[in-house]
Amino acid sequence: MPEKMPVLLVDNSNTRTKFALAAEGRLLRGGEYRVLPTRGIDVGSISRLLEGWKFDRVCISSVVPGAHAVFEAAFAGRSLCQVNAAMCGSLFEGYAGADTLGADRVVNVLAAVEHGRFPVVAVDMGTAVTFDVVGGGPRFLGGIIAPGLRMMAEALHAQTSLLPCVDAVSSPPRCIGGNTVEAVQAGVRMAFAGMLGHAMRSLASELGAAPFFIATGGDARLAAQWVPGFDLLDECLTLRGIALAAQRAW
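Here goes a summary of the coordinates provided.

Rules used in this analysis
Residues numbered from 1 in each chain as written. Predicted model: local features only at pLDDT ≥ 70, side-chain atom pairs only at ≥ 80, totals over all residues. Heavy atoms only, no water. Core = buried A, V, L, I, M, F, W, Y, C linked by side-chain atoms within 4.5 Å. Buried < 20%, exposed > 50% of the residue type's maximum accessible area, 1.4 Å probe, protein only. Helix = DSSP H or I, 4+ residues; strand = E, 2+ residues; numbered from the N terminus. Contact = heavy atoms within 4.5 Å. Pairing = 2+ DSSP bridges. Axes fitted to C-alpha atoms, helices over the stretch in contact; angles between N-to-C directions. Parallel < 35°, antiparallel > 145°, perpendicular 65-115°, else oblique. Nonpolar A, V, L, I, M, F, W, Y, C, P; charged D, E, K, R; others polar. Phe/Tyr/Trp six-rings, centres within 6.5 Å; stacked < 30°, edge-to-face > 60°. Lys NZ or Arg CZ within 6 Å of the ring centre and 35° of its normal. Arc of directions from axis to C-beta.

## Some points on the nonpolar core
No. 1: Counting 37 residues, the largest nonpolar core has L9, C59, V83, L91 and F92 as its most contacted members.
No. 2: If you list the elements that add at least two residues to this core, you get β1 (7–12), β2 (16–23), α3 (103–113), β7 (120–125), β10 (212–216) and α7 (237–249).
No. 3: Take this core: its biggest share by element is 8 residues, from α3.
No. 4: Within the second largest apolar cluster, 28 residues are counted, among which are V133, A153, V166 and A220.

In structure tokens:
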């Protein structure tokens, strides 16, 4: 029986779209992935980016409905799978909002469960910040959705007349900003770090146990520097979850 070709994984988020290859539920090529900005993604840019990669199936985790038609055109003739909670067996049973869960949250939960530490919380820090909580069983318990670092900075700019849109990542180490830009940067950093820390403490209190916290997403490295308490930094957590979903699909 001929060996199956790899599966292409697509992590389509609001800001970036990542592509990777997997086989038997595991990332290939040392976890290498390729990236496109989600805004303006099209068939041509996908084709150029993936030149040289061989695959016959595509597993897609998408939170951008407008991109679906692009993927269908780009991967015409190949078998496609869209991630959803229904493909995860009993993991999401009893959670009333399972059919409304974003695919990114579904795959983060799948990947978090693989660590076998419960309770476990996957904290994905991108455009928004999501906390997804899994208890023993394993069973998905629910989570938190909050604004991300850049969203906080953009909201301050958008909702005021004079405050500039700042680079939220390049935040001064001190809390007293020497000018307006630094003051906004310091405020956004403290709001972001404070939200993370408070959420982590509140989750531990509500669960009655210290969860295993996994940080992922574009701002995970910054968060791990600003906030103590993360047990693991895994920037490929979402892709690992898509690989596991693909294994369930085929």
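## Focus on the side chain of R105
No. 1: Note that R105 resides in helix α3.
No. 2: Relative accessible area serves as the criterion here: at 9%, R105 is assigned to the buried category.
No. 3: Once you skip the residues sitting within four places of it in the chain, R105 turns out to touch T130, F131, D132, F140, G142, G143 and I145.

## With respect to the sheet that holds strand β11 (residues 232–233)
No. 1: With respect to topology, 5 strands assemble into an open sheet ordered β9-β8-β7-β10-β11, the strand pairing being mixed. The two strands at the open ends of the sheet, each matched to only one other strand, are β9 (139–147) and β11.
No. 2: Two elements, β10 and β11, share 2 bridges in a ladder whose sense is parallel. Looking at the pairing, I214 lines up with L232 of β11.

## Some points on the environment of H157
No. 1: As for its placement among the helices and strands, H157 is situated in helix α4 (residues 149–158).
No. 2: Each C-alpha atom of the pair H157 and H115 lies 40 Å from the other, and the pair is 42 residues apart in sequence.

## Describing the packing of α3 against α7
No. 1: Closest axis-to-axis distance for the α3/α7 pair is 7 Å, and the angle between their directions is 90°. By the angle class used here, α3 and α7 are roughly perpendicular. For the pair α3 and α7, the contacting residues are V107, N108, L110, A111 and A112 in the first and L237, T238, R240, G241, I242, L244, A245 and R248 in the second.
No. 2: Its residues placed into classes, the contact of α3 with α7 shows 8 nonpolar, 3 polar and 2 charged.

## Points about the packing of aromatic side chains
No. 1: A complete count under the given rule lists 5 aromatic pairs for this structure.
No. 2: Judged by centre distance (6.3 Å) and plane angle (10°), the ring pair of F71 and F75 falls under stacked. For the residue pair F71 and F75, the accessibility class agrees, reading buried in each case.
No. 3: For the ring pair Y95 and F140, a centre distance of 4.8 Å and an interplane angle of 80° mean the geometry is edge-to-face. You can see Y95 sitting in the loop between β6 (79–82) and α3 and its partner F140 sitting in strand β9, a full 45 residues away along the chain.
No. 4: Every member of this aromatic cluster is reached through a ring pair, and the members are F55, F71 and F75.
No. 5: The aromatic ring of Y33 is capped on one face by K18, whose charged end is 4.6 Å from the ring centroid.

## A few points about α4
No. 1: Along α4, the residues that are buried comprise L149, M152 and A153. Looking down the long axis of α4, one finds its buried residues gathered within 95° of arc, a one-sided arrangement.
No. 2: Residues of α4 that are buried in the fold lie against β9, α5 (180–207) and α6 (220–226).

## Regarding unusual backbone geometry
No. 1: Residue F118 is joined to P119 through a cis peptide bond whose omega torsion reads -5°.
No. 2: With respect to the helices and strands, P119 occurs in the loop between α3 and β7.
No. 3: Of note, the amide linkage connecting G137 to P138 takes the cis form, showing an omega dihedral of -10°.
No. 4: Secondary-structure assignment places P138 in the loop between β8 (128–135) and β9.
No. 5: Even without a glycine there, the phi angle at E24 is positive, about 55°.
No. 6: On the accessibility criterion, E24 (73% relative accessible area) is exposed.
No. 7: Positive phi outside glycine occurs at R29, with the angle close to 55°.
No. 8: Looking at the secondary structure, you find R29 in the loop between β3 (26–27) and β4 (34–37).
No. 9: On the basis of relative accessibility, which here comes to 46%, the residue R29 falls in the partly exposed class.

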